[in-house]
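Residues per chain, in single letters:
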Amino acid sequence: MPRQRIAEFGVDSVQVLAEDGTVDRELAPDLSDERLREAYRQMKRSRRLDERAIALQRRGELGTYAPAIGQEAAQVGSALALADEDWMVPSFRESAAFLTRGASPHALLWYAMGMEEGAEIPDENRDMPPAVPVGTQPLHAAGIGWGQELEGEDAATLTYFGDGATSEGDVYEAMNVAGVFDAHVVFLCQNNQYAISTPRAQQTRTETLAQKAVAAGIEGVQVDGNDLLGVYGVVSDALERARAGDPVFVEALTYRLSMHTTSDNPAVYRTEDEETEWGRRGPVERFEAYLLEEGVLDDEAVARIDEEIEAELADAIERAKAGEADVDPADMFEFAYADPPRSVERQREAFERGE
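Read on for a plain summary of the structure. Predicted model only: the values in this text are computed from it and were never measured.

Here we take up the overall build of the chain. Secondary structure summary: the chain contains 11 helices and nine strands in total. At 21 Å, the chain has a C-alpha radius of gyration in line with the 20 Å of a compact globule built from 355 residues. Counting only C-alpha atoms, the chain reaches 65 × 50 × 40 Å along its principal axes. For the chain, with 355 residues in total, the buried portion stands at 51%. The contacts of the chain with a sequence gap of at least 6 include a subset with a gap of at least 24, amounting to 75%. With an accessible surface of roughly 16,400 Å², the chain has 46% of that area assigned to carbon and sulfur atoms. Placing the 33 positive and 71 negative side-chain charges of the chain at their respective mean positions leaves the two points 4 Å apart.

As for its placement among the helices and strands, Ala73 is situated in helix 2 (residues 72-81). Counting along the chain gives 40 residues from Ala73 to Met113, while the straight-line C-alpha distance between them is 26 Å. Sequence-distant contacts of Ala73, that is, excluding residues within four places in its chain, are made with Met43, Ser78, Gly225, Asn226, Asp227, Leu228, Val231 and Pro283.

Counting through the fold element by element, Asp127 comes out in the loop between helix 4 (105-112) and helix 5 (137-151). Take Asp127: its relative accessible area is 6%, and that puts it in the buried class. Setting aside residues no more than four positions away along its own chain, Asp127 makes contact with Trp87, Met88, Phe98, Arg101 and Ile121.

On a regular strand, one side chain projects to one face of the sheet and the next to the other, so that they alternate. Among the seven residues in strand 5 (residues 185-191), seven count as buried, and that is most of the element. On strand 5, burial covers both faces: Val185, Phe187, Cys189 and Asn191 on one face and Val186, Leu188 and Gln190 on the other are all buried. By the bridge criterion, six bridges tie strand 4 (residues 157-162) to strand 5 in an arrangement that is parallel. When the sheet's bridge partners are listed, Thr159 is paired in strand 5 with Phe187. Of the crossover connections in this fold, the one passing from strand 4 over helix 6 (residues 169-181) to the parallel strand 5 is right-handed.

Taken together, the side chains of Trp146, Leu150, Val180 and Phe181 present a nonpolar region at the surface, about 390 Å² in accessible area. For the nonpolar patch, the secondary-structure elements that each account for two or more residues are helix 5 and helix 6.

The end-to-end C-alpha separation of helix 1 (residues 33-58) is 38 Å, in line with the 38 Å expected for 26 residues at 1.5 Å each. One or two steps after helix 1, the chain reaches Gly60, where phi turns positive at roughly 80°.

This part takes up the packing of helix 1 against helix 2. Running from amino to carboxyl end, helix 1 crosses helix 2 at an angle of 135°, the nearest separation of the two axes being 10 Å. By the criterion of interaxial angle, the relationship of helix 1 to helix 2 is oblique. Helix 1 and helix 2 meet at a crossing whose hand is right-handed. From helix 1, Arg35, Ala39, Gln42, Met43, Ser46 and Arg47 reach across to helix 2, where they touch Glu72, Ala73, Val76 and Leu80.

Here we come to the pattern of salt bridges. What the rule picks out here adds up to 26 salt bridges. One salt bridge connects Glu310 with Arg48, and the closest N-O pair in it is separated by 2.4 Å. One end of the pair, Glu310, is in helix 10 (residues 299-325); the other, Arg48, is in helix 1, with 262 residues separating them in the sequence. Residue Glu310 is classed as partly exposed on the basis of its relative accessible area, which comes to 29%. A salt bridge links Asp224 to Arg286; its shortest N-O distance comes to 3.0 Å. Residue Asp224 is located in strand 8 (residues 219-224), and its partner Arg286 is located in helix 9 (residues 283-294); the two are separated by 62 residues in the primary sequence. Since its relative accessible area comes to 12%, Asp224 is described here as buried. When its relative accessible area of 7% is taken as the criterion, Arg286 is described as buried.

What follows concerns the environment of Leu253. Relative to the helices and strands, Leu253 is located in strand 9 (residues 248-253). Leu253 sits in the partly exposed class, given a relative accessible area of 25%. Leu253 sits 178 residues away from Gln75 along the chain, and the two C-alpha atoms are 12 Å apart. Once residues lying within four places of it in the same chain are set aside, the contact partners of Leu253 are Asn191, Gln193, Gln222, Val223, Asp224, Gly225 and Asn226.

On to a negative patch on the surface, then. A cluster of like negative charges, contributed by Glu116, Glu117, Glu120, Asp123, Glu124, Asp328, Asp331 and Glu352, occupies part of the molecular surface. Its place among the elements puts Glu120 in the loop between helix 4 and helix 5.

Turning our attention to the packing of helix 5 against helix 6. Describing two packed helices takes the angle between their axes plus the distance from one axis to the other. Axis separation between helix 5 and helix 6 bottoms out at 8 Å; the angle between their running directions is 10°. Of the possible angle classes, the one that applies to helix 5 and helix 6 is roughly parallel. When helix 5 is examined against helix 6, the residues Pro138, Leu139, Ala142, Trp146 and Glu149 are found in contact with a partner set consisting of Asp170, Val171, Glu173, Ala174, Val177 and Phe181. Here the contact of helix 5 with helix 6 is built from residues that sort into eight nonpolar, no polar and three charged.

Next up on the list: the environment of Ala183. As for its position among the elements, Ala183 is in the loop between helix 6 and strand 5. Residues Ala183 and Ala142 lie 41 residues apart in sequence; the distance between their C-alpha atoms is 6.2 Å. Each residue touching Ala183, except ones within four places of it in the same chain, is listed here: Ala142, Gly145, Trp146, Ala178, Ala242, Gly245 and Pro247.

Definitions and cut-offs
- Residues numbered from 1 in each chain as written.
- Predicted model: local features only at pLDDT ≥ 70, side-chain atom pairs only at ≥ 80, totals over all residues.
- Heavy atoms only, no water.
- Helix = DSSP H or I, 4+ residues; strand = E, 2+ residues; numbered from the N terminus.
- Rg over C-alpha atoms; globule rule 2.2 N^0.38 Å.
- Buried < 20%, exposed > 50% of the residue type's maximum accessible area, 1.4 Å probe, protein only.
- Contact = heavy atoms within 4.5 Å.
- Areas by Shrake-Rupley, 256 points an atom, 1.4 Å probe, with all protein chains shown as cover.
- Lys, Arg positive; Asp, Glu negative; His and termini not counted.
- Charge placed at Lys NZ, Arg CZ, Asp CG, Glu CD.
- Pairing = 2+ DSSP bridges.
- Right-handed = clockwise from strand over helix to strand, strands pointing away.
- Patch = residues over 30% accessible without salt bridge, like charges linked within 9 Å, V, L, I, M, F, W, Y side chains within 5 Å.
- Salt bridge = Lys/Arg side-chain N within 4 Å of Asp/Glu carboxyl O.
- Expected span 1.5 Å × (residues − 1).
- Axes fitted to C-alpha atoms, helices over the stretch in contact; angles between N-to-C directions.
- Parallel < 35°, antiparallel > 145°, perpendicular 65-115°, else oblique.
- Left-handed = near helix turned anticlockwise from the far one by under 90°.
- Nonpolar A, V, L, I, M, F, W, Y, C, P; charged D, E, K, R; others polar.

Below you can see the structure in the form of structure tokens.
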């Protein structure tokens, strides 16, 4: 895939679908109308699930939730590029990627309700559960990718993390191991401009995050993370290289349009002007306009998809609430220790007394 060269370290930058709707036909991936509509549906499902989940959390029906609003193209475009035999190793914000890989909305809600059933992955799926610690999951991906190299598998591993994680030693160590041992890994950094409240400029002086791959001896490439076509093309190429033992670091430039989590208030550290400017570059709106222009969608199809999503999520919310009623909260004390220490036993006793 041809690319534009930027930065003194020779990092490539890719954009296929521009903010103004123009398309670089030479770079556009060969996706059928059906696949394009599926990508759009997954982006809309993720956006609406996040909106409903935030409302549920505000009513006290959900725990802390990390919405992916604004990052749908980066997640859906990359997850669509994965083959069934590939592994996905997420962080804690990959609701859109999980939906694209076949996860049920009610299971994502269960996870936010504190139910371990929400983190259960079907045996046939090659997906890891969400990872809350910042930057640890790339290490897991490097291990899986190394195993794929040792076994000679024609498969790869895609791991997600944010810009803040690139300031953690774990991420560099994972890239270094992947480079040394030809691990089949694609490191996808969703650069949403903020590590919670810390802006990107205050955590690194590098011109790009992608150039951090240079120190590990692997390729780094940057893509417009709000451009689904660009993300799909770049990650598809990266996965092909990774399957051959050449790991790749992809920096997807995007923006978190909502809060870091529902315990965060972005108004404290971001301006309305900044949010409005990035809102104009929104991935869902940009992709919808493109599909309408191309005749892949029409207004009737958009309305039908919206109605189907609303009905699906209404059922998912009811199922999530019904499943919660069958859970015994005292189970939190099980399965952590073979022989629970007395301190844990005292906590259990106090819990059962309602203290």
